Amino acid sequence: QVQLQESDPGLVKPSETLSLTCTVSGGSISTTNYLWGWIRQPPGKGLEWIASIYNGGTTYYNPSLKSRLSISVDMSKNQVSLKLRSVTAADTALYYCARDPVMVGAPSDGFDIWGQGAMVTVSS
Amino acid sequence: DVVMTQSPLSLPVTLGQPASISCRSSQSLVYSDGNTHLSWFQQRPGQSPRRLLYKVSNRDSGVPDRFSGSGSGTDFTLKISRVEAEDVGVYYCMQTTHLITFGQGTRLEIE
């Protein structure tokens, strides 16, 4: 059974870079039928998609965050990583990683497995 | 960007009664392969979201059959035939035809 576990950076200072890692267990991240994504949820608010990556290659970014984002995979460690630069208090949120089934050449089917989430607070 | 608009944002329901949530997209969600990439999620209090339905009406494994999805183009609906206490939470629609966007969420509560 595939499980996802986000790292817990905790407190990040304004203007610094937020780094998150998602470790996948019970399955290989190199499987071709999945995207791996990040979603965030500010306290008391709704879900916002951040970025997704396909099999170590193709990346997709939320246009509103794209200039500050970088997503990557480390297949040797079975991990997906996210970096968000120049953070502000508005980036305070619960950050989830999730698996997104996809058929080659078609849009994905929506995140079917989620991690427990990692709470990130941006504060000095 | 595709905007997903849900209504209502708050939904008080009596146990055993039906419930319905609407989700409208600012663009058609039909892809060139003929499929419509619209999914629904449930987020119970204190839990991670859980996918209920994908491609409009395909129920995920373990999802009770009282949950159903319908719609086409830009207009979609999640229906719960008889609400149970465990259904309390926030429901989100999400489209993946044009990148990814979520609706604002609909909070279902028992009245």
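All values derive from a computational prediction rather than experimental measurement.

1. Notes on the overall build of chain B
Here comes step 1: When helices and strands are counted, chain B shows 0 helices and 11 strands.
Here comes step 2: What you see in chain B, going N to C, is helices and strands ordered as β-β-β-β-β-β-β-β-β-β-β.
Here comes step 3: What you see for chain B is a C-alpha radius of gyration of 13 Å, in line with the 13 Å of a compact globule of 111 residues.
Here comes step 4: Seen through its principal axes, chain B has C-alpha atoms that stretch 40 × 25 × 25 Å.
Here comes step 5: Residues counted as buried form 47% of the 111 residues belonging to chain B.
Here comes step 6: Taking the contacts inside chain B whose residues are at least 6 apart along the sequence as the reference set, 53% of them involve residues at least 24 apart.
Here comes step 7: Accessible surface for chain B amounts to roughly 5000 Å². Of this, 46% is attributable to carbon and sulfur atoms.

2. Considering the pattern of salt bridges
Two side chains carrying opposite charge are able to pair once their charged atoms lie near each other.
Here comes step 1: Counted by the stated rule, this structure contains 10 salt bridges over all chains.
Here comes step 2: Of the charged contacts, one joins A:D91 and A:R68 as a salt bridge, the two residues approaching to 3.0 Å between their closest N and O atoms. In this pair, A:D91 sits in the loop between strand 8 (79–84) and strand 9 (93–101) while A:R68 sits in the loop between strand 6 (58–61) and strand 7 (69–74), placing the two residues 23 residues apart along the sequence. Of the two residues examined, A:D91 and A:R68, each falls in the buried class.
Here comes step 3: In this structure, B:E86 engages B:R66 in a salt bridge whose closest nitrogen and oxygen atoms are separated by 2.9 Å. Of this pair, B:E86 sits in the loop between strand 8 (75–80) and strand 9 (89–95) while B:R66 sits in the loop between strand 6 (58–59) and strand 7 (67–72), placing them 20 residues apart in sequence.
Here comes step 4: By relative accessible area, B:R66 is classed as buried at 8%.
Here comes step 5: Salt bridges sharing common partners tie together A:R40, A:E48, A:R68 and A:D91.

3. Concerning the state of the cysteines
Here comes step 1: Tallying each qualifying case throughout the model produces 2 disulfides over all chains.
Here comes step 2: Between the sulfur atoms of A:C22 and its disulfide partner A:C97 the distance amounts to 2.0 Å. Between A:C22 and A:C97, the S-S torsion sits near 55°, and that sign places the bridge as right-handed. Of this pair, A:C22 sits in strand 3 (residues 18–25) while A:C97 sits in strand 9, and the two are 75 residues apart along the sequence. A:C97 matches A:C22 in its accessibility class, with the two residues each being buried.
Here comes step 3: Across the disulfide, B:C23 is cross-linked to B:C93 (sulfur-sulfur distance 2.1 Å). With the S-S bond torsion at 75°, the cross-link from B:C23 to B:C93 turns out right-handed. Placement of the pair is B:C23 in strand 3 (residues 19–25) and B:C93 in strand 9, with a sequence separation of 70 residues.

4. A look at the packing of aromatic side chains
Here comes step 1: Evaluation of the coordinates by the stated rule reveals 6 aromatic pairs over all chains.
Here comes step 2: Ring centres of A:Y34 and A:W36 lie 6.1 Å apart, and the angle between their planes is 55°; this geometry places the pair in the tilted category.
Here comes step 3: Judged by relative accessible area, which is 3%, A:W36 ranks as buried.
Here comes step 4: Ring-pair connections join several aromatic residues into one group, and the members of that group are A:Y96, A:F111, A:W114, B:F41 and B:F102.

5. Some points on the interface of chain A and chain B
Here comes step 1: Of the residues lining the interface, 25 residues belong to chain A; the matching set on chain B comes to 21 residues.
Here comes step 2: Area buried by chain A at its contact with chain B is led by A:L47, A:P107 and A:D109, which between them contribute 34% of it.
Here comes step 3: Where chain A meets chain B, there are 1 salt bridge.
Here comes step 4: In this structure, the salt-bridge partner of B:K55 is A:D109, at a minimum N-O distance of 2.9 Å.

6. Brief notes about the sheet that holds strand 3 of chain B
Residue and element names in this part refer to chain B.
Here comes step 1: Overall, antiparallel pairing links the 4 strands, which are arranged 1-3-8-7 in an open sheet. In this open sheet, the two strands that pair with only one neighbour each are strand 1 (4–7) and strand 7. Across this sheet, the average inter-strand angle for adjacent strands is 20°, counted without regard to direction.
Here comes step 2: Pairing between strand 1 and strand 3: 4 bridges, direction antiparallel.

How each quantity is defined
Residues numbered from 1 in each chain as written. Chains lettered and ligands numbered in written order. Predicted model: local features only at pLDDT ≥ 70, side-chain atom pairs only at ≥ 80, totals over all residues. Heavy atoms only, no water. Helix = DSSP H or I, 4+ residues; strand = E, 2+ residues; numbered from the N terminus. Rg over C-alpha atoms; globule rule 2.2 N^0.38 Å. Buried < 20%, exposed > 50% of the residue type's maximum accessible area, 1.4 Å probe, protein only. Contact = heavy atoms within 4.5 Å. Areas by Shrake-Rupley, 256 points an atom, 1.4 Å probe, with all protein chains shown as cover. Salt bridge = Lys/Arg side-chain N within 4 Å of Asp/Glu carboxyl O. Disulfide = S-S within 2.5 Å. Phe/Tyr/Trp six-rings, centres within 6.5 Å; stacked < 30°, edge-to-face > 60°. Buried area = accessible area lost by both parts, 1.4 Å probe. Pairing = 2+ DSSP bridges. Axes fitted to C-alpha atoms, helices over the stretch in contact; angles between N-to-C directions.

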